[in-house]
Amino acid sequence: MEKTFIMVKPDGVQRNLIGDIVNRFEKKGFKLAGGKLMQIPSSLAEEHYGEHKEKPFFGELVEFITSGPVFAMVWEGENVIATARQMMGKTNPSEALPGTVRGDFGLTVGKNVIHGSDSPESAQREIGLFFNGEELLNYEKNDQNWLY
Ligand code: DAT
Ligand code: MG
């Protein structure tokens, strides 16, 4: 089953949004494979956001994502990568629709509450950066027969 990397950013943790965000993915029917509260070291932040190294906002981005604890998660389910991006809303919260995480909770692109992998390649890469094998659980869930 497809997996994706989702992270509540430092602003979301400080604003008590972990529960709401986890709740959305749970209720949708996705399965939590792993999750942890962590403070990201600069080296990991720079690698995670490597594709943006040349952008003018790179320094700010790394500073922000390392500024406090994040809640990192792996969610599993059919089409979870693309569906999670829809549930997050557009990168700039001013363009994100109501009903999405960024549309409901964000105001500015610099503090947009949530990260989610944008493709199967980034999902695999990001899950590998943040989680080791033992931290990801493979288990049965009773709701699955009602979802698939
Ligand atoms: P996303 O997080 O939707 O995948 P992205 O990969 O293009 O968006 O950018 C990564 C993060 O960088 C984004 O969540 C917020 C920040 N960012 C993007 N564009 C920005 C900009 N123009 N100014 C400031 N920060 C920006
Ligand atoms: Mg991105």
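As shown above, the structure is provided for reference.
A quick note: this is a predicted structure, and the numbers were derived from the prediction, not measured. (Residues numbered from 1 in each chain as written. Chains lettered and ligands numbered in written order. Predicted model: local features only at pLDDT ≥ 70, side-chain atom pairs only at ≥ 80, totals over all residues. Heavy atoms only, no water.)

Focus on the packing of aromatic side chains
As a reminder of what qualifies: Note on aromatic pairs: the rings of Phe, Tyr and Trp (six-membered ring only in Trp) are paired at centre separations within 6.5 Å, and the planes decide the class, stacked below 30 degrees, edge-to-face beyond 60, tilted for the rest. We count a stretch as a helix when DSSP gives it H or I for four or more residues in a row; a strand needs E for two or more, and each element gets its number in order from the N terminus. Charges are assigned to positions over rings by a cutoff of 6 Å between ring centre and Lys NZ or Arg CZ, combined with an angular limit of 35 degrees from the ring normal.
All told, the structure shown has 3 aromatic pairs when counted by the stated rule. Note on Phe5 and Phe130: the rings are 4.4 Å apart at their centroids and 25 degrees apart in plane angle, and the pair reads as stacked. Residue Phe5 is found in strand β1 (residues 3–8), and its partner Phe130 is found in helix α7 (residues 120–130); the two are separated by 125 residues along the sequence. Each residue in the set Phe5, Phe130 and Phe131 is aromatic and connected to the rest through ring pairs, giving one cluster. If you follow Lys31 out to its NZ or CZ, it ends over the ring of Tyr139, 5.0 Å from the centre. We note Lys36 situated over the ring of Phe131; from NZ or CZ to the ring centre the distance is 4.7 Å.

Some remarks on the sheet that holds strand β4 (residues 114–116)
Put simply, the test is: Strand pairing is assigned whenever DSSP identifies at least 2 bridges connecting the two strands. For every element, the axis is a line fit to its C-alpha atoms; helices are fit only across the contacting stretch, and the angle between N-to-C directions ranges from 0 to 180 degrees. In this description, contact between two residues means that some pair of their heavy atoms is separated by no more than 4.5 Å.
Pairing is antiparallel in the open sheet, where 4 strands are placed in the order β2-β3-β1-β4. What marks the edges here is a single partner per strand, and that holds for β2 (31–38) and β4. The sheet shows a mean angle of 15 degrees between the axes of neighbouring strands, taken without regard to direction. This element, helix α5 (residues 80–88), spans β1, β3 (70–76) and β4 of the sheet and lies at about 25 degrees to β1.

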